[in-house]
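Analysis of the macromolecular model
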Amino acid sequence: MKAIVYTEFGGPEVLKLAERALPTPGPGQALVKIAAAGVNFIDIYQRKGMYPVLLPAVPGGEGAGTVEAVGPGVTEVAAGDRVAFFGAAGCYAEYALAPADRLVPLTAALGFEQGAAAMVQGITAYVLAHVTYPLKPGDRCLVHAAAGGVGLLLCQLAKEAGAFVIGTTSTEEKAALARDAGADEVILYTQQDFLAEVKRITGDRGVNVVYDSVGRDTFDRSLECLAPLGMLVSFGQSSGFPAPLDIQRLGGMRSAFVTRPSVFAYVTDRAKYLAYAGAVLGMAAGGTLRLRIDRAYPLAQAAEAHLALAGRGTTGKLILKP
Ligand SMILES: NC(=O)c1ccc[n+]([C@@H]2O[C@H](COP(=O)([O-])OP(=O)(O)OC[C@H]3O[C@@H](n4cnc5c(N)ncnc54)[C@H](OP(=O)(O)O)[C@@H]3O)[C@@H](O)[C@H]2O)c1
């Protein structure tokens, strides 16, 4: 089978198309014929060596496709089932092995690309809005990278929950998409100081929660945006890791909460995983959550996909099609 492989950490150029043996599913595993592999920031962090990974590696933890075969003891799925999933490895390939308990049934109402788009970005946005900081009517929230893959979904879910949504984007085109996704106000954080703007928009009250996936460039000022007892949800570092935090900065009248959630920790239990995935897929199928596919690339163009995502050139999900 064809797969993208890297044998050293580095830039997108380390991603090479190669021939690999078709894997055989072991106990508790399923072999999935990949129709759509999701491209995520974590793939970039791993490729750069920022997160640990064993080499040689086939990137990609997320995909959608059809179960080709199952290993011993698998009861969750059978050959021929349409599925979507994350928490696997090696999805930038024609076939990938996945733990059977990570596979989510995909009804005919949704295509494979939408299935992949609903997994990491969809479930992350769902968990952030409903579990990490459960938004309620009247809450004010700040969503950085509001026109990104997670950002567009988070804006929709936050609006649906009754929150007042402030987004940040780098360009006017992205701002229009964020507004369309439900942002009440959008700050062009490349042109305006977002802290000053948040203060202005909220009448100096601040926001109850900041969803910050940008990291180094935004973390400090995100903290300053919080209302008393607010929560800073630092869930990514597209611009690099934030500087270490002095806990004293959380005290006083701010008395803030800071959390660094990983979606994986929220879905270790299969029942919860299926519930969150089912909620996202159900809303997508019912048309109440719009999954935006930015681009689908042929598998061989994995490096181009990484360049586009890291280069702030995308708005929504990136897919590789083997
Ligand atoms: N914790 C978790 O479990 C979890 C799960 C999924 C994703 N994430 C994180 O969520 C973030 C968003 O993921 P995504 O796939 O939806 O990506 P994305 O938001 O579509 O893309 C990243 C966006 O971040 C903004 N950005 C700001 N500074 C940047 C910089 N220096 N370099 C690159 N981008 C920059 C850009 O938007 P502007 O041009 O508008 O600034 C860019 O489009 C990532 O940090 C990812 O690691 C975390």
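Calculation criteria
Residues numbered from 1 in each chain as written. Predicted model: local features only at pLDDT ≥ 70, side-chain atom pairs only at ≥ 80, totals over all residues. Heavy atoms only, no water. Helix = DSSP H or I, 4+ residues; strand = E, 2+ residues; numbered from the N terminus. Rg over C-alpha atoms; globule rule 2.2 N^0.38 Å. Buried < 20%, exposed > 50% of the residue type's maximum accessible area, 1.4 Å probe, protein only. Contact = heavy atoms within 4.5 Å. Areas by Shrake-Rupley, 256 points an atom, 1.4 Å probe, with all protein chains shown as cover. Near = heavy atom within 4 Å. Polar contact = N/O pair within 3.5 Å; in protein donor to acceptor, adjacent residues only side chain to side chain. Nonpolar A, V, L, I, M, F, W, Y, C, P; charged D, E, K, R; others polar. Domains from an automatic or database assignment. Pairing = 2+ DSSP bridges. Axes fitted to C-alpha atoms, helices over the stretch in contact; angles between N-to-C directions. Parallel < 35°, antiparallel > 145°, perpendicular 65-115°, else oblique. Buried area = accessible area lost by both parts, 1.4 Å probe.

Along the backbone of the protein chain there are nine helices and 15 strands. Taking 2.2 N^0.38 as the reference for a compact globule, 322 residues should give roughly 20 Å; the C-alpha atoms of the protein chain span a radius of gyration of 20 Å, in line with that estimate. If one aligns the C-alpha atoms of the protein chain with their principal axes, the spans along those axes are about 60 × 40 × 35 Å. A total of 322 residues make up the protein chain; the buried ones form 54% of that total. A separation of at least 24 residues holds for 68% of the contacts in the protein chain among residues at least 6 apart in sequence. Counting every atom, the protein chain has about 13300 Å² of accessible surface; 55% of that belongs to carbon and sulfur.

Taken together, 28 residues lie near the ligand, and Ser170, Lys174, Tyr189, Val263 and Arg312 sit nearest. Arg312 places a side-chain nitrogen or oxygen 2.7 Å from an oxygen atom of the ligand. Relative to its unbound accessible surface of 910 Å², the ligand loses 92% to contact with the protein. Secondary-structure elements contributing two or more residues to the shell around the ligand are α1 (41–48), α2 (112–132), α3 (149–160) and α9 (302–310). Among the elements that take part in the shell around the ligand, α2 stands out by supplying three residues, more than any other. Split by residue class, the shell around the ligand holds 12 nonpolar, 13 polar and three charged. Mapping the shell around the ligand onto the domain boundaries places at least three of its residues in each of domain 1 (2–120 + 273–321) and domain 2 (137–260).

The subject of this paragraph is the side chain of Ser170. Within the fold, Ser170 resides in the loop between β9 (164–169) and α4 (172–180). Since its relative accessible area comes to 15%, Ser170 is described here as buried.

This next bit is on the pairing of strand β4 (residues 62–70). Relative to β4, strand β3 (residues 29–39) runs antiparallel, the two being bridged by seven bridges. Paired with Lys33 across the bridge in β4 is Thr66. Relative to strand β5 (residues 82–86), β4 runs antiparallel, the two sharing five bridges. Bridging from a neighbouring strand, Gly65 pairs with Val83 of β5.

This brings us to the packing of α2 against helix α8 (residues 270–286). Closest axis-to-axis distance for the α2/α8 pair is 9 Å, and the angle between their directions is 110 degrees. Judged by the inter-axis angle, α2 sits roughly perpendicular to α8. Seen from α2, the contacting residues are Gly115, Ala118, Met119, Gly122, Ile123, Tyr126, Val127 and Val131; seen from α8, they are Tyr273, Tyr276, Ala277, Ala279, Val280, Leu281 and Met283.

The subject of this paragraph is the domain arrangement of the protein chain. The domain architecture assigned to the protein chain consists of domain 1 (2–120 + 273–321) and domain 2 (137–260). On a C-alpha basis, the centroid separation for the pair domain 1 and domain 2 is 28 Å. For the domain 1 and domain 2 pair, buried surface summed over both sides reaches about 1300 Å², with 55% attributable to carbon and sulfur atoms. Area buried by domain 1 at its contact with domain 2 is led by Arg290, Arg312 and Thr315, which between them contribute 38% of it.

Moving on to unusual backbone geometry. Cis rather than trans, the peptide bond between Leu55 and Pro56 has omega equal to -5 degrees. Its place among the elements puts Pro56 in the loop between α1 and β4. In this structure, Asp204 is a non-glycine residue whose phi angle is positive, near 70 degrees. With respect to the helices, strands and loops of the structure, Asp204 is situated in the loop between α5 (194–201) and β11 (207–212). In this model, Arg312 sits at a positive phi of 65 degrees, which is unusual for a non-glycine residue. Relative to the helices and strands, Arg312 is located in the loop between α9 and β15 (317–321).

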